[in-house]
Amino acid sequence: MRAVLVETRDLAPEVRHFVFAAPDVPELHFKPGQFVSFSEMLGGKKIIRPYSIASLPSGNRFELCLNRVPEGHFSPHLFAMKPGDSVEMTQPLGFFVIRNPQKPAIFVATGTGIAPFRSMAPGYLDHPEAKDLTLIFGVRYENSIYYGSEFEALAAKHSNFRFWPTLSRPDPSWPGRHGHVQLHLLEAIGDRRDLDVYICGMKAMVDDVRAILKEMGFDRKQIVFEKYD
Ligand SMILES: Cc1cc2nc3c(=O)[nH]c(=O)nc-3n(C[C@H](O)[C@H](O)[C@H](O)COP(=O)(O)OP(=O)(O)OC[C@H]3O[C@@H](n4cnc5c(N)ncnc54)[C@H](O)[C@@H]3O)c2cc1C
């Protein structure tokens, strides 16, 4: 099926929010956390790239949060799209979804790894048996805390939700957390071992967080992850 670009908005340098429609279907069915794969013939080769859906199910519309890899094969093509342009896509797929909505959880994201959590967090918090949820979101600069005001609003609405942005290259005036997401894991987890941890972003961060969790005694089944590279 085709995905038609409806509109875009810049979130930060080289990071953009995309709204697409899938006019071949009345409803795009997916679970928060799943991705769609886009494909296109570029330079005589078929290129396929998956992208996490960053929105809740809503008719045939869906939203993505993408960063442009300047030398990349596919992302510059998406950044060059104009409203009305289209791209081939698959049905939503993937197993990076909420496993135990009645268990406390920690979401760990860096960069555009925040995308699936924008879809997963509201549903998790609206579950009648929802427990505590902490989102640790690592970016370099303050102007890259994409969707920050949305997560702040969610935290204001749900007392069981903590939103912890952390900057790896903060301005001296930044009053919040700094350093990599790994630094804040221990505080978020404390003595608890009854929670699930969901991790999304680049391989180096995901592998590092998984290693820390295993060292802390977490079972494989409690660690759910999506690697972007
Ligand atoms: C399940 C899944 C979901 C994904 N969801 C998203 C998403 O929501 N948003 C998003 O921006 N990307 C997402 N990606 C990554 C995406 O599929 C592409 O890999 C990315 O757009 C780069 O493609 P490219 O062809 O431009 O770069 P390529 O030519 O494939 O070059 C890849 C190189 O770019 C670098 N790079 C920088 N940023 C990224 C990045 N975000 N992802 C991967 N590589 C990167 C890496 O060093 C990597 O080696 C996802 C990947 C997977 C597997």
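Residues numbered from 1 in each chain as written. Predicted model: local features only at pLDDT ≥ 70, side-chain atom pairs only at ≥ 80, totals over all residues. Heavy atoms only, no water.

## Thoughts on the overall build of the chain
Keep this limit in mind: Strands here are runs of E lasting at least two residues and helices are runs of H or I lasting at least four, both read from the DSSP assignment and numbered beginning at the N terminus. The globule rule used for comparison is 2.2 Å times the number of residues to the exponent 0.38, while the radius of gyration itself is calculated over C-alpha atoms. We call a residue buried when its accessible area falls under 20% of the maximum for its residue type, exposed when it is over 50%, and partly exposed in between, using a 1.4 Å probe and counting protein chains only. Contact criterion: two residues are considered in contact whenever any of their non-hydrogen atoms come within 4.5 Å of each other. A 1.4 Å probe and the Shrake-Rupley method give the accessible areas. Residues count as covered only by the protein chains that appear here. Counted as positive: Lys and Arg. Counted as negative: Asp and Glu, with His and the chain ends omitted from the count. To locate a charge, the coordinates of NZ of Lys, CZ of Arg, CG of Asp or CD of Glu are taken.
Of the regular secondary structure elements, the chain holds five helices and 12 strands. Relative to the compact-globule value of 17 Å for 229 residues, the chain shows a C-alpha radius of gyration of 18 Å, a close match. For the C-alpha atoms alone, the extent of the chain along its principal axes is close to 50 × 40 × 30 Å. Burial status across the chain gives 49% buried among its 229 residues. If you take every contact in the chain between residues at least 6 apart in sequence, the share linking residues at least 24 apart comes to 69%. Of the roughly 11,400 Å² of accessible surface on the chain, a fraction of 52% belongs to carbon and sulfur atoms. Of the charged side chains in the chain, 27 are positive and 27 negative; the average position of the first set lies 4 Å away from that of the second.

## Observations concerning the nonpolar core
The line we're drawing: Remark: nonpolar core denotes a set of buried residues (Ala, Val, Leu, Ile, Met, Phe, Trp, Tyr, Cys) joined through side-chain atoms within 4.5 Å.
If you look at the biggest cluster of nonpolar residues, it comprises 32 residues, and the most contacted ones within it are Cys65, Phe107, Ile114, Phe117, Tyr146 and Phe151. Contributions of two or more residues to this core are made by β1 (2-12), β7 (105-110), α2 (115-126), β8 (133-139), α3 (148-157), β9 (161-167) and β11 (196-201). Among the elements that take part in this core, α2 stands out by supplying six residues, more than any other. Apart from the residues lying within four places of it in its own chain, the contact partners of Phe117 are Phe96, Phe107, Val108, Ala109, Pro122, Leu135, Phe151, Tyr198, Ile199 and Cys200. Phe30, Phe38, Phe74 and Leu78 belong to the second largest nonpolar core, which has 22 residues in total.

Just geometry here; none of it tells us what the structure is for.
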